[in-house]
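Chain by chain, the residues:
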Amino acid sequence: MSKALSPSEQDYANSGWLQALMGVNDPIIQQSRLNSKKHLDWIDAICSLTTIREKADTLESSIDSLWKFGIGNDLKWLLSMIPSTQLHWILDSTDVFTIEQTIPPSIEDSQSWADAMGIHDWSTNVTMKILSGDFVSWQRRVARQGANAPVGFTMESSGKAMLELKTKASWKANNWADGVWTFSIDGQSTMIETVEEPIYVARPEWKSTLENALLTLQSADERFAKQRKKASGSAIPQGDWSSWCESVPALEPLHLAVLDGQGLTCSSVFQGIWTTVWPIIYCRRKRLKRGTCGLVDLRRKLDCCFQSDPQLVTWLLVFGELLCQAQVGEGLGIAAKFKD
């Protein structure tokens, strides 16, 4: 478990990263800071009920802008890695049945992406798995409530210990106050279960995520190197990156790949910006170990990064935040959450 943050690091984590890391008073660097913060604000706006309500007037714009940025910067695979697209769903409020998503939702635009995150009302087809005895008990309970539920089921499912029933899962966002899931079995109009909580899913398998991340990073390094002005492409001091590298053990192999050549060969500029951006990301998430970086040095390095390649700084911040949502946080959206 990570140690508690030092007072200076806690001040940073509790404040906006822009204000806490304010460096030299340069209008060009200031514009780059604001641009990077804007992109992080887009991500923050869709990750909890509180921020969604607070940003209601700009929510659709944030969703559209983040989607366009992701599509234009090879990050669609990370945007689409949201909890509701995973195979097995877990409902903490009941152990009577489980839900399996056999055909993940198609996410091809910002609207379908927002739907799957639960920002809007949404429905998808799933399979309910329930023991036949539990299903019969459920039917009887519904019948006692006056809904005239059938006593038996279909010939296709009779005699089976485990029933696999085609089901529609519907999420009602309810103005982002207290969203509700409804599970209704096809052909059984009275067999409906309501769950007043997000569903939970296991995180995506790390091996495939790491493979995608390495390919994305290699491509990004080459792409930004071509765009970078030669005059501003000086190396950025890395410092002792090993001090924060272990803050999130699951992501350590990715850092070693970028910084220690274990899977990638990255430019010195890319490595330097990486070692500046990730302490910021970890501090934002309150995962940075105590004493692993000094704010004064971090301010200086961040200004240097903005001078060298402000677009790469923004891209790495977005990449890191989206990756952390999938591997460390609860995931994008509110209808479903990742659970360790």
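Throughout, a residue's number is its position along its own chain's written sequence, starting from 1. The predicted origin of the model limits local features to residues at a pLDDT of at least 70 and limits the giving and counting of side-chain atom pairs to 80 or more, whereas totals for whole chains, interfaces and linings rest on all residues. Values shown for side chains rest on all heavy atoms present in the structure; no hydrogens or waters enter the calculation.

Q: Describe the sheet that holds strand S4 (residues 162–172), and please don't skip the residues or the numbers.
A: At least two bridges found by DSSP between two strands is the condition for calling them paired. Strands here are runs of E lasting at least two residues and helices are runs of H or I lasting at least four, both read from the DSSP assignment and numbered beginning at the N terminus. Strand order across the open sheet formed by eight strands is S6-S5-S4-S3-S2-S1-S7-S8, with mixed pairing between neighbours. Edge positions in the sheet fall to strand S6 (192–195) and strand S8 (336–338), since each of these pairs with one other strand and no more. With direction set aside, neighbouring strand axes in the sheet form an average angle of 35°. Pairing of S4 with strand S5 (residues 180–185) involves six bridges; the strand directions are antiparallel. The residue bridging Trp 171 from the neighbouring strand is Trp 181, located in S5. The contact rule is simple, with two residues in contact once any of their heavy atoms fall within 4.5 Å. The angle between two axes is taken between their N-to-C directions and runs from 0 to 180 degrees, where each axis is a line fitted to C-alpha atoms and a helix contributes only its stretch in contact. Its contacts with the sheet put helix H8 (residues 132–144) on strand S3 (122–131), S4, S5 and S6, and the angle it makes with S3 is roughly 115°.

Q: Run through the side chain of Glu 100, naming residues and quoting values.
A: In this fold, Glu 100 is placed in strand S2 (residues 97–100). The buried label applies to any residue whose accessible area, calculated with a 1.4 Å probe on protein chains only, is under 20% of its type's maximum; exposed applies above 50%, and partly exposed to all values in between. By relative accessible area, which is 17% here, Glu 100 ends up buried. Not counting residues within four places of it along the chain, the set of residues in contact with Glu 100 comprises Leu 87, His 88, Val 126, Thr 127 and Lys 129.

Q: Provide a residue-level description of the packing of helix H12 (residues 268–284) against helix H13 (residues 295–308), including the pertinent values.
A: Relative to each other, H12 and H13 sit at 135°, their axes nearing to 10 Å. With respect to each other, H12 and H13 are oriented oblique. With respect to the hand of their crossing, H12 and H13 are arranged in left-handed fashion. Facing H12, whose interface residues are Val 269, Gly 272, Ile 273, Thr 275, Thr 276, Pro 279 and Ile 280, H13 presents Leu 298, Lys 301, Leu 302, Cys 305 and Ser 308. Here the residues of the contact of H12 with H13 are counted per class, giving seven nonpolar, four polar and one charged. Note that the term roughly parallel is reserved for angles under 35 degrees, roughly antiparallel for angles over 145, roughly perpendicular for angles of 65 to 115, and oblique for everything else. If you view the pair so one helix is near and one far, a crossing is left-handed when the near helix is turned anticlockwise from the far one by less than a right angle, and right-handed when it is turned clockwise. As a working rule, the residues Ala, Val, Leu, Ile, Met, Phe, Trp, Tyr, Cys and Pro are called nonpolar, Asp, Glu, Lys and Arg charged, and the rest polar, with Gly in that last group.

Q: Provide a residue-level description of unusual backbone geometry, including the pertinent values.
A: Backbone geometry places Asp 74, a non-glycine residue, at a positive phi of 60°. We note that Lys 286 has phi near 60°; this positive angle belongs to a residue other than glycine. Take Lys 286: it is sitting in the loop between H12 and H13.

Q: Describe the pattern of salt bridges, naming the residues involved and giving the relevant values.
A: Within this document, salt bridges are pairs made up of a side-chain nitrogen of Lys or Arg and a carboxyl oxygen of Asp or Glu, the two lying within 4 Å of each other. Under the defined criterion, the tally for this structure stands at 12 salt bridges. A salt bridge links Lys 37 to Asp 41; the nearest nitrogen and oxygen atoms lie 3.0 Å apart. Taken together, the residues span about one helical turn, with Lys 37 and Asp 41 both in helix H3 (residues 27–44) at a distance of four residues. On the basis of relative accessibility, which here comes to 27%, the residue Asp 41 falls in the partly exposed class. Two residues, Asp 44 and Arg 284, come together in a salt bridge whose shortest N-O distance is 3.0 Å. Taken together, the residues Asp 44 in helix H3 and Arg 284 in helix H12 connect sequence positions 240 residues apart. In this structure Asp 44 comes out as partly exposed when scored by relative accessible area, which is 27%. Each of Asp 44, Arg 284, Arg 285 and Glu 321 takes part in salt bridges that share partners, so that together they form one network.

Q: Describe in detail the pairing of S6, supporting the description with residues and values.
A: Regular strands have side chains that alternate between both faces of the sheet. As defined by bridge partners, S5 adjoins S6 across four bridges and the pair is classed as antiparallel. Considered in S6, the bridge of Phe 183 is made with Glu 193. Between S5 and S6, which pair antiparallel and follow one another directly, the connecting turn spans six residues, one of which, Gly 187, has a positive phi of 80°.

Q: Can you tell me about the environment of Lys 172, naming the residues and giving the values?
A: Topologically, Lys 172 is positioned in strand S4. Leave out the neighbours within four places in its chain, and Lys 172 touches Asp 121, Gly 179 and Val 180.

Q: Any details on the packing of aromatic side chains? Residues and values, ideally.
A: We call Phe, Tyr and Trp rings a pair once their centres come within 6.5 Å, taking the six-membered ring for Trp, and we label the pair stacked below 30 degrees between planes, edge-to-face above 60, and tilted otherwise. Using the criterion set out here, one finds 15 aromatic pairs in the structure. Judged by centre distance (5.5 Å) and plane angle (55°), the ring pair of Trp 171 and Trp 181 falls under tilted. Here Trp 171, found in strand S4, pairs with Trp 181, found in strand S5; they are 10 residues apart in sequence, far enough to count as distant. Taken as a pair, Trp 171 and Trp 181 share a single burial class, namely buried. Ring centres of Trp 274 and Phe 319 lie 6.3 Å apart, and the angle between their planes is 45°; on these two criteria the pair is classed as tilted. Taken together, the residues span a long stretch of sequence, with Trp 274 in helix H12 and Phe 319 in helix H14 (residues 310–327) at a distance of 45 residues. Trp 274 gets classed as buried once you look at its relative accessible area, which sits at 0%. What links up through ring pairs into an aromatic cluster is the set Trp 89, Phe 97, Trp 122, Phe 135, Trp 138, Trp 171, Trp 181 and Phe 183.

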